[in-house]
Amino acid sequence: MSKKPKFQTLTGMHDILGEEQKYFQKIYSVVENIAQFYGFQKIETPILEETELFSKGTGSSTDVVQKEMYSFRTKGGDYVSLRPEGTPSIVRAYIEHGMISRPQPVKLYHNVAPFFRYERPQAGRYREFHQFDFEVLGEKNSVIDVQLIQIGYNILKELGLKDLIIEINSIGDAQCRPYYKKSLVNYLRKHQVVLCADCKRRLKENPLRILDCKKEKCQELVNTAPQIIDYLCEECHNYFKEVLEFLDELDLPYRLNPFLARGLDYYTKTVFEIFEETEEGKKQGILIAGGRYDGLIKLLGGKDAPACGMAGGVERIMNIMKNAEVKITQSSPPKIFLAQLGELAKKRSLKLLEEFRKAKIPVAESLSRDSLKIQLGIADKLGTEYTLILGQKEALEQSVIVREMTTGRQKTVKLDNVIAEMRKRLKKS
Ligand code: HAM
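Residues numbered from 1 in each chain as written. Predicted model: local features only at pLDDT ≥ 70, side-chain atom pairs only at ≥ 80, totals over all residues. Heavy atoms only, no water.

(A) Main features of the site of the ligand. Around the ligand sit 26 residues in total, of which Glu85, Thr87, Glu119, Tyr267 and Ile286 are the nearest. Interatomic distance of 2.8 Å between a side-chain N/O atom of Arg117 and an oxygen atom of the ligand. Here Tyr126 contributes a backbone N or O atom positioned 2.8 Å from a nitrogen atom of the ligand. Burial of the ligand by the protein chains amounts to 96% of its free accessible area of 650 Å². Mapped by element, the contributors of at least two residues to the shell around the ligand are strand 6 (128–137), strand 10 (283–292) and strand 11 (307–313). (Near = heavy atom within 4 Å. Polar contact = N/O pair within 3.5 Å; in protein donor to acceptor, adjacent residues only side chain to side chain. Areas by Shrake-Rupley, 256 points an atom, 1.4 Å probe, with all protein chains shown as cover. Helix = DSSP H or I, 4+ residues; strand = E, 2+ residues; numbered from the N terminus.)

(B) Molecular detail of the packing of aromatic side chains. Counted by the stated rule, this structure contains 10 aromatic pairs. With a centroid separation of 5.0 Å and an interplanar angle of 75°, the aromatic rings of Phe40 and Phe134 are classed as edge-to-face. On the criterion of sequence distance, the pair formed by Phe40 in the loop between helix 1 (18–37) and strand 1 (41–42) and Phe134 in strand 6 is long-range, its members being 94 residues apart. Taking the relative accessible area as the measure of exposure, Phe40 reaches 6% and is therefore buried. Note on Phe134: relative accessible area 0%, which makes it buried. Connected via pairs of aromatic rings, a cluster forms that spans Phe40, Tyr109, Phe132 and Phe134. Its guanidinium or amino end placed over the ring of Tyr239, Lys269 lies 4.8 Å from that ring's centre, counting from NZ or CZ. (Phe/Tyr/Trp six-rings, centres within 6.5 Å; stacked < 30°, edge-to-face > 60°. Buried < 20%, exposed > 50% of the residue type's maximum accessible area, 1.4 Å probe, protein only. Lys NZ or Arg CZ within 6 Å of the ring centre and 35° of its normal.)

(C) Examining unusual backbone geometry more closely. Going from Gln104 to Pro105, the amide bond is cis rather than trans, its omega being 0°. Structurally, the position occupied by Pro105 is in the loop between helix 4 (87–96) and strand 5 (106–116). The phi dihedral of Lys360 falls on the positive side, at around 60°, and the residue is not glycine. Checked against the element boundaries, Lys360 lands in the loop between helix 12 (343–358) and strand 13 (363–365). The exposed category is assigned to Lys360, whose relative accessible area is 75%.

(D) Structural detail: the pattern of salt bridges. The final tally for this structure, using the stated rule, is 27 salt bridges. A salt bridge links Asp145 to Arg292; the nearest nitrogen and oxygen atoms lie 2.8 Å apart. Here the residue Asp145 occupies a position in helix 5 (residues 142–158), and Arg292 occupies one in strand 10, the gap between them amounting to 147 residues. Asp145 sits in the buried class, given a relative accessible area of 0%. On the basis of relative accessible area, Arg292 is assigned to the buried category, the value being 0%. With its nearest N and O atoms 3.4 Å apart, the salt bridge here joins Arg262 to Glu273. (Salt bridge = Lys/Arg side-chain N within 4 Å of Asp/Glu carboxyl O.)

(E) Region of the structure containing the environment of Tyr254. Its location among the elements puts Tyr254 in strand 8 (residues 254–256). The partly exposed category is assigned to Tyr254, whose relative accessible area is 25%. Sequence separation between Tyr254 and Leu164 is 90 residues, and the spatial gap between their C-alpha atoms is 8.9 Å. Not counting residues up to four positions away in its chain, the partners in contact with Tyr254 are Ile166, Ile168, Leu244, Leu247 and Asp248. (Contact = heavy atoms within 4.5 Å.)

Structure representation (structure tokens):
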């Protein structure tokens, strides 16, 4: 058995190597194009923030804050956390930079970036993972909720994912949710013995979190619990109706899930999740999730302004793309290989390579090799159309041999003219 290396990635964290990079890059570029199309502005926020931003924003009774944050005290005595999610940071930025005085809504996105949750690692669940995130701040119109769902769905479709399903619910607002909570607690109290230890605690602290519990016994109980939809106030009811009407217009595959509550505290009204479903109707990991959060900006010290957003889990999307062997068109490989022989030729090659780069003509090389045979072998393997050969003689004469790989035909060209010559030849090919 081979010995384990002394240093390895931490549990739940991973390197993203060559084979996976193409998926990673593809997700990045699709998000970039879609964000631009829908008029979102890019934002990057720090990976470290004050712990209180999340305990207040994400919610002190959530699993994310209670169990999963990487928090520590700095040398200066500040209590900080690695960000477990992006929404509180974007809201902080919106308030801090006075974006409320810009024309509303302010539409912000951040592309693939790392987040940290100290969770028990399992398939699709990591301690360091990546998200892209879209937030629309300062707008209460229900069309925004639906547009965000559409954007999430479009991203997944564009990445080649199939069998996507959207689940949606309304969890009401500060007016109507207390009535629902009361009714839910009454129901759950009667069956308290069945609840897991965490849910017994949740029953006192935040009973809505019980709806998210993955334990079988708790889920069975939830399935026959009162549904929030029956407790929505008139405003929330009408709002939800509008959302569903917009959704119908768009022909998106959605269904209502009356127990969808999402694991974060800030949501009001609309909540949704997008995932892939197997043929047997089995829910795969949630790929994109989000919702409206009309109270969060005020809660974090800003003016009273509504907002809505969603975030996608990059590793989960990437895993599906890998398993389904989604084809990714990569930029075409270089058609030219630059081979060299001797010290002076190596120096000239270094310079020539830079000239090709400035001319935006891709060229492959293996400058560290000394054997011409090996270099020609590499060119052959890469399937380049031309090999440029720079030997001692050519280096002295400021010239280079252009060899057509399929015919073996060769022509000597002055170094000063080789870019123009190759541009001409590539245009023809
Ligand atoms: P979330 O549901 O906590 O929501 O995370 C969004 C997505 O990130 C999940 O659906 C999942 O794909 C991915 N994800 C979360 N945790 C992990 C993990 N440990 N390993 C791998 N992937 C993970 C939010 O973060 C909200 N900020 C979304 C939002 C934006 N709501 C409004 N605006």
